[in-house]
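# What the coordinates show
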Amino acid sequence: MEKITIMYFKKSYLKNPPCNPQFLGKKKQLLTRILIIIYVLLLTEGILRKWIFPEFGRVLFFIRDPFVIWAYWLGLRLNLWSRPHPLFLGGLSFAIIALLLAVYEAFFEEISPVFIFYGFRNYFLYIPLPFLMERALSKEQLDKVAKWTLLYSIPMAPLCFLQTISPSDSPINAGFAQDPELAYKNLGVYGEIQRASGTFTFVLGLSLFIASCLGFFIYLLFKNKNQKFLKGFLTWIVGGAVLVNILVSGSRMAFILCFLVLVGSLIAGLRSGLIKQSINFIIVLVIMAIVSVFFSLTIFSNIVGAMQERWTGASENEGGYLMLERIAGDLIRFIDVMDNVPFLGFGIGTAGNAYTILQGEQSLYVEDDWSRNIYELGPLFGLLYLAYRFSLVIYLGLRCWKATAILKNPLPLILYSFVGPILFNGQITSQGTANGYGWIFTGFCLVASRIIPTSSPERPYNTLFRTML
C-alpha cells in the first residue's frame, strides 16, 4: 500500500500535476502571495525581533525560511522547476557538494551541526528563490512591490530621525529585550548621534532599503504619466521620505549604494531610449540636491554634521572619501586568507555571527564576504563559490543590459545597479538581511528583465525560463 501511495504521489504531483485550471490558479496565487510575504518579512523582521517578541529574537532570525521552503514545495507541485536555468543547476550542484562536505565536517571535524545548518542556510537556501520568482511573479506585481516599498519609506523617515537623536540603549534603538545579550547594539555616527537602523536589526538593512527605494523612485519618475503607480503629491511625499532617509541614515554604505543606483539609472534611461524622461530625471535630481542642501543646513544639520565628521575621520585610514583603500582591501584580502586555511576550510558556518556568539573567536579574523567564503569552504571550494557569484553577476548584467533596450524600460538596469554590487561582494553569506536582499532582488531583476515571446502558445509559467541571451 505504501509503495502504491508513493507511486501515485509521484505521478500526480511530480510528473503530472493536476491540470484543473481552477486548482492551478489558486496554487499559483498562493505562491505569489508567499513570495510577497517573504519580502514583507524582510522589511519588517526587525519589528518582530526588536519590539514585539524580543525574547525570541534569535529564533525569529529564521522566520522567512519556512515560507521559502513552502514556496519551493508549491513550485514543485506547479511544475515550475522544469527546464531549469543552468545557473540554478550550478547552484544546486554546489549545494550538494557542500552538503557532503558538511556531513564530513560534522563527523570528522567535530563541528556542531548547529553551525553547519546555519552556514548551509546562509549559502544555499535562497539560491533557488530568484529563479522561482521569475516564473511566478508578473511585472504588474513587481510594480505593486515598488509602490508599497515606496509608501513604506514614509513612516520609516520619522522613525530613523528619532533613532539618530535617541541614546543607543533606548528601546527605539536597542529594542525591548530585558536580557542585555538580546539587546541590539547601535553603532554611533559621531558624538551623540546614532546610526539609524529603521525597522531592521542592523544598520546595513536600512542602507539596502534606502538604495532600493531610490531605485524604485527613479523608476517611478521614468514611467509615463498614465502608467505611474503613485500620482500627484504622493509622489513628492515619497521622494521627500527617500531623501530624508538618506540624510539621517548616518551610513556611508547608504550613500555609496545610492550613488551607484543614480549612475545606473542614468545609464538605464539612455539605454532604454527614454531621452525626455532622462532629462526630467536629471532636473528632479538637481531639485532634490538643492533640497538636501537646505535640509543639511537647517533641520538635519547636527546629523549631517556628525556624518561629515565620521566620514572625514575614517577617510584618513581608508584612502579618502571614496574609501579606495578599504574597497581594494576587501577585494584582495581573500588571497592572504588562502595561505592560512586548510584545504577544506575551517567548516561551513564557522565564520558567521552564530559561531562567534556561541563558540568564541575564529581561527582567523575575516570581515569581508570573499574572505569568509575562503575561510569556511577552503581555497578550492571557496574559489568555486566565488566563481559562481561572478557568473551570476555577469549573466544578470548582460541580461538586464539587453532587456532594458528591448523592453524600452529602465527598471532592469536600475535594479541591477542595486543588486549587482551585493551579489558581487556583499555579505550575502554572513548577514541575514543582506542575504535576503541579495537573492530577493535578484528575483525582482529576473522578473523585470524577462522577455516572453508573444508567439509562444504555452502557458506563461512554463515558458518564463526560456528567455536567454
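A short tour of the structure in this document, coming up. From a predicted model like this one, the values you see are computed outputs, not experimental measurements.

### Quick look at the overall build of the protein chain
- Check the secondary structure of the protein chain and you find 19 helices and two strands.
- Every one of the 469 residues in the protein chain was classed for burial, and the buried ones make up 54%.
- Expressed as a percentage of contacts within the protein chain between residues at least 6 apart in sequence, the contacts between residues at least 24 apart total 78%.
- Entry remark: accessible area of the protein chain is about 22,000 Å², with carbon and sulfur atoms responsible for 68%.

### Regarding the nonpolar core
- Judged by nonpolar contacts, the single largest core of 123 residues is most densely connected at Leu-150, Phe-209, Phe-441 and Phe-444.
- The element contributing the most residues to this core is helix α10 (residues 203-222), with 15 residues.
- Aside from chain neighbours lying at most four places away, what touches Phe-444 is Tyr-39, Met-133, Leu-137, Leu-142, Val-145 and Leu-415.
- In terms of nonpolar packing, the next biggest core, distinct from the first, is built from nine residues, Val-341, Val-366, Ile-374 and Tyr-375 among them.

### A short note on helix α15 (residues 324-338)
- Taken as a whole, α15 carries its principal kink of about 40 degrees at Leu-331.
- Among the residues making up α15, those that are buried are Gly-329, Asp-330, Phe-334 and Val-337.
- Packing partners of the buried residues in α15 comprise α17 (369-407) and α18 (411-425).

### Describing the packing of helix α2 (residues 21-52) against helix α4 (residues 65-77)
- Relative orientation of the contacting elements α2 and α4 amounts to 155 degrees, with a least axis distance of 9 Å. Considering the angle they form, α2 stands roughly antiparallel to α4. As α2 packs across α4, the resulting crossing turns out to be left-handed. Here α2 contributes Phe-23, Lys-27, Leu-30, Leu-31, Ile-34, Leu-35, Ile-37, Ile-38 and Leu-41 to the contact with α4, which in turn contributes Phe-67, Val-68, Trp-70, Ala-71, Leu-74 and Arg-77.
- Of the residues that constitute the contact of α2 with α4, the class distribution is 13 nonpolar, no polar and two charged.

### Side note on the pattern of salt bridges
- This model, assessed by the stated rule, comprises eight salt bridges.
- Residue Asp-368 pairs with Arg-333 through a salt bridge whose shortest N-O separation is 3.1 Å. A residue pair is termed long-range when its members are at least 10 positions apart, and Asp-368 in the loop between α16 (353-358) and α17 and Arg-333 in helix α15 qualify at 35 residues.
- What emerges from the salt-bridge pattern is a single network uniting Glu-45, Arg-49 and Arg-64.

Rules used in this analysis
Throughout this document, residue positions are counted from 1 along each chain, in the order its sequence is written. Only residues with pLDDT of at least 70 get local features here, since the model is predicted, and only at 80 or more are side-chain atom pairs given and counted; chain-wide, interface and lining totals rely on the full set of residues. Only hydrogens and water are removed before side-chain values are computed, so all heavy atoms of the structure are retained for them. Secondary structure elements are taken from DSSP: a helix is a run of H or I of four residues or more, a strand is a run of E of two residues or more, and numbering for both begins at the N terminus. Partly exposed describes any residue whose relative accessible area lies between the buried limit of under 20% and the exposed limit of over 50%, with all areas from a 1.4 Å probe on protein chains only and scaled to the type maximum. A contact between two residues is defined here by any heavy atoms of the two lying within 4.5 Å. Here, Shrake-Rupley sampling with a 1.4 Å probe gives the accessible areas, and only protein chains in the shown set may cover a residue. The criterion is simple. A nonpolar core is a set of buried Ala, Val, Leu, Ile, Met, Phe, Trp, Tyr and Cys residues joined through side-chain atoms within 4.5 Å. One axis fitted to the seven residues ending at a residue, another fitted to the seven starting there: the angle between these axes is the bend at that residue. A fitted line through C-alpha atoms represents every axis, and for helices the fit uses only the stretch in contact; the resulting angles, taken between N-to-C directions, go from 0 to 180 degrees. We call two directions roughly parallel when the angle between them is under 35 degrees, roughly antiparallel when it is over 145, roughly perpendicular when it lies between 65 and 115, and oblique otherwise. The hand of a helix crossing depends on one turn: near helix anticlockwise from the far one by less than a right angle means left-handed, and clockwise means right-handed. Side-chain classes follow a simple rule in which Ala, Val, Leu, Ile, Met, Phe, Trp, Tyr, Cys and Pro form the nonpolar group, Asp, Glu, Lys and Arg form the charged group, and the remainder, Gly included, forms the polar group. Every case where a carboxyl oxygen of Asp or Glu lies within 4 Å of a side-chain nitrogen of Lys or Arg is listed as a salt bridge.

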